[in-house]
There are 2 protein chains.
Amino acid sequence: MIRIGIFGYGNLGRGVECAVKQSKDMELVAVFTRRDPKTVKILSEGVDVCHADDVLSFVDKIDVMILCGGSATDLPKQTPYLAEYFNVVDSFDTHAKIPEHFANVDAGSRKSGKIGLISVGWDPGMFSLNRAMGGSILVDGCDYTFWGKGVSQGHSDAIRRVEGVADGKQYTVPVERALNEVRSGSNPTLTTREKHTRECYVVAEDGADKAQIEKTIKEMPNYFSDYDTTVNFISQEELNENHAGIPHGGFVIRSGKTGVNKENTHIIEYSLKLDSNPEFTASVIVAYARAAYRMNNEGMCGAMTVFDIAPKYISPLTNEEMRAKLL
Amino acid sequence: MIRIGIFGYGNLGRGVECAVKQSKDMELVAVFTRRDPKTVKILSEGVDVCHADDVLSFVDKIDVMILCGGSATDLPKQTPYLAEYFNVVDSFDTHAKIPEHFANVDAGSRKSGKIGLISVGWDPGMFSLNRAMGGSILVDGCDYTFWGKGVSQGHSDAIRRVEGVADGKQYTVPVERALNEVRSGSNPTLTTREKHTRECYVVAEDGADKAQIEKTIKEMPNYFSDYDTTVNFISQEELNENHAGIPHGGFVIRSGKTGVNKENTHIIEYSLKLDSNPEFTASVIVAYARAAYRMNNEGMCGAMTVFDIAPKYISPLTNEEMRAKLL
């Protein structure tokens, strides 16, 4: 059994807890939190809930520590630090800072002789893998990533900060026409506005100026001004009832040409339709935790990403079973 | 530069030749044929066309030999034999015999200390990878593979063997309703007939009994009797004009559930739409030839499949570039 620790217990941590339960070769040993452990109720029975400060007393009891904090401030510190003691997996998703994070985690992992697997999930993660493989196979071509339909946490937060807004949720929606243009193999050049729209569901405070709220949202730089944005005012009850989930998904499409005169077009499309963004991310992370454990057992160490992991390491099947059943 | 040899020069061999041209880090050294080399005209200038019997004189001149023969009789002999001398890549696709072929190639590769990478292409190959990864991530679920719309060589051959048939082509077509049922996450049980239909385009000989031809095709066991089959009689000109290509493609869909009570459904879909089946297969093979070369340079040897190859090895980019640009 691979012994798993969860460091940070929010939506992602709970998702990891569920995914570990679904994995027959894994057991959850402990959940670590910065809150008072007595106040944190987890889903599993017989599993320790400990304070984050006590994590080092588990060095010999946990094979892989899964970090479930945020990319803004938690992971840049936590992953390199814990990598000095454990095999670690995180879902660091600030794309621009990945090289820096990789170097920091690598330094930690080299000290411990463990594996530090970063940026695991679906983007970065499965989408990255498909961008890389599509580009390696269809050398002469373009790739396109579309996100949604799904909830963007950052944009929902931005809406809720607008004056007069009591609550709100934002969906990123890929534009069907753009998707189909890409699927046709025409390798179009698409602007930000042409690729995605933004749908906002907003609960206004009593007596708030709805026209002003709508204007403020639509003109918000970085978040909304470059997109066709729709603002729908609804009641809190309606928001709670119809928009409580955290769905997401998206598409990675590679379009490329082959042949003597590049006369043949090929389309590779990878898509996800997810009821729960954190639970799917957690499922990817848990599969890759298996890889970190196995590869470290084979003597490998240092920082890695999904690009460094052969698929055999993430599967619960043996190599022989994989070849006989899946190839 | 990675020095490539092509062993066998049909549609796949020509596809490999084109794909090598598109790869900046590779050069084609020689094409090997069992025909009289003087009768074989290739697309590249300045490249040797040699008899298959002379292949061993190239042991020090070729880094990876790409085998482009058929799975029925060529590859079971050629791949294990050439693995004793070269890094080899093949597209062996007789699914049931893969374990046996793997063992034979492994024996050859261990002798030479080279890598023998088998069953590379899209199915087996990219589709296998997606079946494996989907099942590793969404543990509680089902996967479905649909093929088409595309030309099946075996079924086209079967049509042409029917009495009174001058020429013909068969398309395998996935049933849209079944695809959508799978995409809904309902994990349906689907019969052979519910998943695919078969469309035949047949040129009858002068005076042939078309009704009898249609009946013979539709009732042919293994090939057609388990499917809803349509037979369209057309002229040779029409066949040549509208059905000359070798398009193919298909879908691998994994549908699975997560959450405390498995309340959330997720769909992973990978699809291919290919103008030329052999050219796309060749493009996959050439990317994996890069992996065979690099991994052997790192000291690895023995038989392998796509499950054993970390994505970094197939990309022309460096690891740093991949992390910075694609993750």
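Here we summarise the structure given alongside this text.

Each value, and the rule that gives it
Residue positions within a chain follow its written sequence, with the count starting from 1. Each chain takes a letter, starting from A, and each ligand takes a number, starting from 1, following the order in which they are written. Local features are withheld for residues below a pLDDT of 70 in this predicted model, meaning they are given only at 70 or higher, and side-chain atom pairs are given and counted only at 80 or more; totals for whole chains, interfaces and linings count all residues. With hydrogens and water excluded, all non-hydrogen atoms of the structure serve as input to the side-chain values. Only DSSP runs of H or I reaching four residues or more are called helices, and only runs of E reaching two or more are called strands; each is numbered from the N terminus. Radius of gyration here uses only the C-alpha atoms, and the compact-globule reference equals 2.2 Å multiplied by the residue count raised to the power 0.38. Residue exposure (1.4 Å probe, protein chains only): buried if accessible area is under 20% of the type maximum, exposed if over 50%, otherwise partly exposed. By the convention used here, residues are in contact when the closest approach between their heavy atoms is within 4.5 Å. Per-residue accessibility takes into account occlusion by the displayed protein chains alone, with areas from the Shrake-Rupley method and a 1.4 Å probe. By the counting rule applied here, Lys and Arg register as positive and Asp and Glu as negative, while His and the ends of each chain are not counted. Where a charge sits is defined by one atom per residue type, namely NZ (Lys), CZ (Arg), CG (Asp) or CD (Glu). Simply put, the buried area is the total loss of 1.4 Å probe accessible area from both parts when two parts are fitted together. By salt bridge we mean one thing: a side-chain nitrogen of Lys or Arg within 4 Å of a carboxyl oxygen of Asp or Glu. Polar contact criterion, stated in full: a pair of N or O atoms within 3.5 Å, where within protein one must be able to donate a hydrogen and the other to accept it, and residues adjacent in sequence count only if both atoms are side-chain atoms.

## Examining the overall build of chain A
Then, in step 1: Broken down by element type, chain A carries 11 helices and 14 strands.
Then, in step 2: A compact globule built from 327 residues would reach a C-alpha radius of gyration of about 20 Å, and chain A, at 22 Å, matches this within 12%.
Then, in step 3: Split into buried and exposed, the 327 residues of chain A put 58% on the buried side.
Then, in step 4: At a minimum sequence separation of 6, the contacts of chain A that also span at least 24 residues come to 67%.
Then, in step 5: Surface summary for chain A: the accessible area is close to 13,600 Å², and the carbon and sulfur share equals 47%.
Then, in step 6: Charge separation in chain A, taken as the distance between the mean sites of 36 positive and 44 negative side-chain charges, equals 4 Å.

## A closer look at the interface of chain B and chain A
Then, in step 1: In this complex, chain B contributes 66 residues to the contact, which on the side of chain A involves 66 residues.
Then, in step 2: Between chain B and chain A, the buried area comes to about 5,600 Å², and carbon and sulfur atoms account for 63% of it.
Then, in step 3: Among the residues chain B hides against chain A, the three largest losses belong to Q22, F307 and L327 of chain B. Together they make up 15% of the total.
Then, in step 4: Across the salt bridge formed by K312 of chain A and D308 of chain B, the nearest N and O atoms sit 3.5 Å from each other.
Then, in step 5: In this assembly, chain B and chain A are joined by 30 residue pairs in polar contact (both at pLDDT 80 or more).
Then, in step 6: Sorting the residues of the side of chain B that touches chain A by element identifies α3 (98-112), α4 (126-137), β12 (248-258), β13 (264-274), α10 (277-297) and α11 (319-325) of chain B as the ones contributing at least two each.

## With respect to helix α1 (residues 11-21) of chain B
Residues and elements named next belong to chain B.
Then, in step 1: α1 sits mainly inside the fold: 8 of its 11 residues count as buried.
Then, in step 2: Residues L12, G13, G15, V16, E17, C18, A19 and V20 constitute the buried set of α1.
Then, in step 3: Packed against the buried residues of α1 are β1 (2-7), β2 (26-33), β4 (64-67) and α10.

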